Amino acid sequence: MTTMMTAAEVSRGRELLARVQRGCNAVLLGQTELVDLCVIALCARGHLLLEGLPGLGKTELVKTLGRLLGLSFRRVQFTPDLLPGDITGGPILQERGGERRFEFQPGPLFANVVLADEINRASPKTQSALLEAMQERSVTVLGETHSLPAPFFVLATQNPIELEGTYPLPEAQLDRFLFKVEVPGVDADVMTQILTTRRRGRPPEVDVALTAAEVEEMFACVDRVYLPQAVANWAARLVAATHPQRADSPAEVKQSVRYGASPRAAIAIGEAARASALLQGRPNVDFADVERVVIPALAHRIVLQHTAVVGGASASGVVRALLAHVPAVANGLPAAVR
Amino acid sequence: MEVTPAAAVLAFVRRTFVGAFVAGTARAVLAIALVAASVPIAVRIAGGHLAPTVWWLLAAVPALGHGVWCARRERVSAATAALHLDRRLGLRGLLLCANEGIELDPAFRGEVRDRLLDLPAVLPRLQWKRILPWPLAALLLFAGVASVPPPAPPGAPLHRTAVAAELERLAEKLRSVLERGLVPEEQKQDLERRVEELKQRLADGDVPDWRDLDQLDQRVDREALLQAAAADRRDGDPAAGRAPTKSELTPEKVAAAAAALDAAGLLDALPPDARAMLEAMRGEKGFDPSALGIDPAAMQKLAEAMAQAKATGRFDPAQLDAALSPEQLADLQAVLDSHPGALPGSAGGPGVAMEGEGSPGDLPGRGAPTRGPGHAALQMTEDAAGGAADVLPLPPGAATPSEWVPVGARVAEPVVDPARNDARGSAGAEGTGGASWQLQLAPRHRAVVRRFFGDAAPPTGNERTGKERR
């Protein structure tokens, strides 16, 4: 018989997560939901794409995450003239002991946390160089494959405005991101708090919250969170319903969606829901966890039709329609009972 | 009492099974009750009646079967039940894990146990207000239809009413006859007893047949006729200056005449049917007048037969004088005198029957084609008065068959409206022949054919040209 996490394990995992959560909230004021999603993505060992207007703290959040986890952190500012070798690294002719030879010089990707700032400004060639790194967690240069350090996270940001001279991420690369989170603005109270507590907007210094061992322990806790069959079935039905070809898809999907989500989306939902459950202090995933992560996990994996986009439809709106259409309980009770 | 997750899930499954069974049974009861209520209604409309029987309880079998079928079809699995129960208890997936065989930590197990204490409150509840109203209404409808008493025999009230009215009419008629007196006491008592007997039967629910009423009516009519005859005799003005009528012919006279003929041995001279009639009258004390008096027509026929026998010379006067006493001769003569047309030397001449005898005003048919000797009881009423086409209302209270209600009778000429058969090619179609020959002839030949048959076409200037063209 499978044994579920003990209460002590759950408590320990939640405490580790809470440390990261508290550190991020101390830096980024008024963005608790955004912080939670970022922590969930990190615990699920997924890559994160943040989208928002300039000045909302995207870069600061990623930098804080890197510092809190005590991991190596690199930042790459993506520009149109950035080349793949600039991020992956490449062979450099070195002279050692009178002998010259090419040695691989790792690029900025060789870090635990990589901030790909304004990723949509890089050329597709450079963007595609991230594909192998994000999925395989390795880099191949001149026929040699170099493993990236574990854990490896890509935290990318992109600006939804100033789209001239940008290269929208291809669907294949979008699919590599666990979450795509839209960074919301903050209200006046938060801004007042920022003005009164921070000089020149400088965030407080944060210390390392987790050691490398604790990070591994946290990941182990997340892995032990149990995903019940019924919850997994709901997540799978949600993903399946994103395909407009299916007869049981909701009308919004049939009208607006061109291509549905891949099975990688279901995997992402499951992993993120486990992290969400642990963040809530539970040893198992519940439907609420799936509901919490399904929009950031699914929205960027759905390709809308052009007419729907012109008509004002959004991927998140389609996912909300899915949540309303696909019931958590597949088989209802007989009509005679309540 | 501690409830395990498995027991809670089983209780949930059982409750949903029962709910589905009850709902399915209720739906079947609704359908069956509606059908069962409509069948007696249809049978009643068709004129029949379905009496409730114990066998109708067999309709519960398909209802229960449908309930079982619905319960099996809508049965929820243990996983589904655990899912519903987990959400109802707010266990956030812990019950799902326990149902999937995951061993819970004691702390989480205690949480599950505590929440399961609320199990009775979260088990599914049957929606009686949604399940029961319509089936109950259908059952009530069915009960109402089944409790409707069987219909009365068709037409019985009308039949009974008509018989009662007719019986009352006969009683009144009898009273009026009896008020004049002259009815023998024995006949009077018999008629009154008969009327009372029929009334009693009617009161007991045994509606008398029309045959009984008709017989009673005939007897009353007979008594009325006999009463009228007796009244004429009592007035002491029998046939003075006028021809005897059949009202003067009494059964006693005919019986006395028959006894005289029997005494003279002349019964063989009568026709066979008259002889048979007399033999039927014969009793221990001679011929019984009452047996003949029942049927005035038979009495009349006997008298005619005797008169006819004498007129044709079958009776030897010498034999009659030798065999009969003067009283018997008088009796025989009285009968023979009642039909003078049959006697030789009477007004009609030997062998010639009198036809339409009687006063012109009393006996219609005078001058009409012969209807045989004697007084024909022919009443030419509306026809003779020219009212043949009028509506003839039936007399009130007339005994009529119960299946129909007469509102009147009308005698009228049939409406004949022959339609001419003008169909194409038929005998009545116009121009059939003309069309035929015109279709067979070329246009240039028609003028020649018309000239041949005398229907010459007006001469035209181009006839010659046409001939040349031919």
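The coordinates are above.
Rules and cut-offs
- Residues numbered from 1 in each chain as written.
- Chains lettered and ligands numbered in written order.
- Predicted model: local features only at pLDDT ≥ 70, side-chain atom pairs only at ≥ 80, totals over all residues.
- Heavy atoms only, no water.
- Salt bridge = Lys/Arg side-chain N within 4 Å of Asp/Glu carboxyl O.
- Helix = DSSP H or I, 4+ residues; strand = E, 2+ residues; numbered from the N terminus.
- Buried < 20%, exposed > 50% of the residue type's maximum accessible area, 1.4 Å probe, protein only.
- Contact = heavy atoms within 4.5 Å.
- Buried area = accessible area lost by both parts, 1.4 Å probe.
- Polar contact = N/O pair within 3.5 Å; in protein donor to acceptor, adjacent residues only side chain to side chain.
- Phe/Tyr/Trp six-rings, centres within 6.5 Å; stacked < 30°, edge-to-face > 60°.
- Lys NZ or Arg CZ within 6 Å of the ring centre and 35° of its normal.
- Patch = residues over 30% accessible without salt bridge, like charges linked within 9 Å, V, L, I, M, F, W, Y side chains within 5 Å.
- Areas by Shrake-Rupley, 256 points an atom, 1.4 Å probe, with all protein chains shown as cover.
- Pairing = 2+ DSSP bridges.
- Axes fitted to C-alpha atoms, helices over the stretch in contact; angles between N-to-C directions.

Draft legend 1. Highlighting the pattern of salt bridges. Considering all chains together, one arrives at 39 salt bridges over all chains under this definition. D217(B) is paired through a salt bridge with K173(B); the nearest N and O atoms lie 2.8 Å apart. Linking D217(B) in helix 11 (residues 210-235) with K173(B) in helix 9 (residues 156-179), this pair joins segments that are 44 residues apart in sequence. Linking R211(B) and D209(B) is a salt bridge whose minimum nitrogen-to-oxygen distance equals 4.0 Å. By relative accessible area, R211(B) is classed as exposed at 55%. On the accessibility criterion, D209(B) (41% relative accessible area) is partly exposed. Several salt bridges converge on common partners, so that one network encompasses R12(A), E15(A), R19(A), E214(A) and E217(A).

Draft legend 2. Focus on the interface of chain B and chain A. Listed by partner, the interface residues are 33 residues for chain B and 29 residues for chain A. Note on chain B versus chain A: buried area summed over both sides is about 2600 Å², and carbon and sulfur give 63% of it. It is R92(B), E100(B) and I102(B) that lose the most area in chain B upon contact with chain A, and together they represent 23% of the buried surface on that side. Counting across the chain B and chain A interface gives 1 salt bridge. R92(B) serves as the salt-bridge partner of D286(A), at 2.8 Å between the closest nitrogen and oxygen. The interface formed by chain B and chain A contains 8 residue pairs in polar contact (both at pLDDT 80 or more). Contributions of two or more residues to the side of chain B that touches chain A are made by helix 1 (5-45), helix 3 (78-89), helix 4 (94-99), helix 5 (106-116) and helix 7 (128-131) of chain B.

Draft legend 3. Quick look at the packing of aromatic side chains. Overall, the coordinates contain 4 aromatic pairs over all chains when judged by the stated rule. With centroids separated by 5.6 Å and ring planes inclined at 70 degrees, the aromatic side chains of F104(A) and F110(A) adopt a geometry described as edge-to-face. Plain terms: the ring middles of W56(B) and F142(B) are 5.5 Å apart, the flat faces sit at 40 degrees to each other, and that makes the pair tilted. Highlighted residues: W56(B) in the loop between helix 1 and helix 2 (60-73) and F142(B) in helix 8 (residues 133-146), separated in sequence by 86 residues. The side chain of R87(B) reaches across the aromatic face of F287(A), ending 5.1 Å from its centre.

Draft legend 4. Local environment of a nonpolar patch on the surface. Residues and elements named next belong to chain B. Together, W128, L132, L136 and L139 give the surface a local cluster of nonpolar side chains, amounting to about 360 Å² of exposed area. Summarising the element assignment, W128 is placed in helix 7. Given a relative accessible area of 46%, W128 falls into the partly exposed group.

Draft legend 5. Expanded view of the sheet that holds strand 2 (residues 73-77) of chain A. Residue and element names in this part refer to chain A. Spatial ordering of the open sheet is given by 2-5-8-1-9, a layout of 5 strands whose pairing is parallel. The sheet is open, and its two borders are formed by strand 2 and strand 9 (177-182), each paired with just one other strand. Neighbouring strand axes in the sheet, compared pairwise and without regard to direction, differ in orientation by 15 degrees on average. Taken together, the 5 bridges between strand 1 (residues 47-51) and strand 9 define a ladder with parallel strand orientation. Counterpart to L49 in the pairing with strand 9 is K180. Taken strand by strand, helix 3 (residues 58-68) contacts strand 1, strand 2, strand 5 (113-117) and strand 8 (153-158), and its axis lies near 170 degrees from that of strand 5.

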